[in-house]
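Results of the structural survey
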Amino acid sequence: MSFPAAAPTPPPAPFEERGGWSRASARPAGTEGSSPPGGGSTPNPQRRLDSIPAPLFCLAAMLTVQTGIALSTPLFRTLGVAGTTSLRLITAALVLLAWTRPRLRGRSPRALLSAALLGLASAGMTLLFADAVHRLPMGTAATIEFLGPLAVALLFSRRLGHVLWAVLAGAGVILLTLVGAAHSASLDPRGLASAFGAAACLAGYILLTQRVGRAFDGFDGLALSLTVAALALAPFGLGEAWHGLARSADPWLLLASAAGVAMLFPVVPYLLEMVALRRLPERVFSVIASLEPAVSALIGLVVLGQVLGGVQLLGIACVVAASAGAAVTGREAGA
């Protein structure tokens, strides 16, 4: 799903780039090296924004993503998994298209193909993860999905010692799915298959998002890829969504709920991550992002009342530690 690069590029770290934009393109076009109007000090709103520690934006993004996912689950009963996911992607695509107004003229076929492939990977990742969350505890689904970015980080590693991180992650998954299954009746085989499928799509998504981030400015690549994702899922989800809306006593409330969830994920988290990436080294960002499975388990407990056993929590901790370790040692090796 990835094209050969024209020149060597740094190995991607877990979640260092998301949504078709990268650290290099996080700043809007034309603002690199620019100063505030009049050459004076930073405007007060920007100064207040800069006073907030950058890691808080990362944590806020993770909390927003996982809260949006948790709030999606009640909609699955009425709109279906595919229907809810389709409405979410359509809403997010429309918002970003209206905001960015991306231009197709002058784009190379290769850049457009990369954005289209990223959209397909996004569609698969979003739908499969939604199905996994529908059938598994959130912490379990998020931990398995996180094997995707971890695999990408280890794939680009040139150190034999990184095999230890892979072994630690594998041990965590075994604890979470096999040993932990003895203490949980909710590990549905189809949910596990969807979670591993989402991990594979996420690995492709990360590889493609670097290429799209280099080819497009700002959020143009994100807007185009989400549009492709929405169009790809529309044939599978719109019929299911329409059926659910037709049976509902208050269809407009359902539509508003789906739109609100779409703002929680993916629109708002991308904005928060954009701010964080401007101010944090990528290694630090990747280490903080490694906490996402733990954040997912916490949101699952608080919002959905999903309680995980000690063995399952230990499995999540192993995957978090493996991801953080791979991010740290990978950047040290590449320095």
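Residues numbered from 1 in each chain as written. Predicted model: local features only at pLDDT ≥ 70, side-chain atom pairs only at ≥ 80, totals over all residues. Heavy atoms only, no water.

Secondary structure assignment for the protein chain yields 13 helices and 0 strands. Order of helices (α) and strands (β) in the protein chain, N terminus to C terminus: α-α-α-α-α-α-α-α-α-α-α-α-α. Excluding contacts between residues fewer than 6 apart, the proportion of contacts in the protein chain whose partners are at least 24 apart in sequence is 89%. Summed over all atoms, the accessible surface of the protein chain reaches about 15,000 Å², with 67% contributed by carbon and sulfur. (Helix = DSSP H or I, 4+ residues; strand = E, 2+ residues; numbered from the N terminus. Contact = heavy atoms within 4.5 Å. Areas by Shrake-Rupley, 256 points an atom, 1.4 Å probe, with all protein chains shown as cover.)

In the structure shown here, the tally under the stated rule is 1 aromatic pair. Pairing Trp 99 with Phe 219 gives two aromatic rings, centres 5.4 Å apart and planes at 35 degrees, and the pair type is tilted. With Trp 99 in helix α3 (residues 81-100) and Phe 219 in the loop between α8 (189-215) and α9 (220-247), the pair connects residues that are 120 residues apart, well separated along the chain. (Phe/Tyr/Trp six-rings, centres within 6.5 Å; stacked < 30°, edge-to-face > 60°.)

In this model, Arg 101 sits at a positive phi of 45 degrees, which is unusual for a non-glycine residue. You can see Arg 101 is positioned in the loop between α3 and α4 (109-135).

Turning next to the confidence of the model for the protein chain. Overall, the predicted model of the protein chain reaches an average pLDDT of 80, with 80% of residues at or above 70. When pLDDT is averaged over each element of the protein chain, α4 comes out on top at 94 and helix α1 (residues 44-50) at the bottom at 64. Of the regions scoring below 50 in pLDDT, residues 1-24 engages in 91 contacts with residues more than four places distant in sequence or in other chains. Low confidence marks residues 27-39, where pLDDT is under 50. Its contacts with residues over four positions away, or in another chain, come to 8 contacts. (pLDDT = per-residue confidence, 0-100.)

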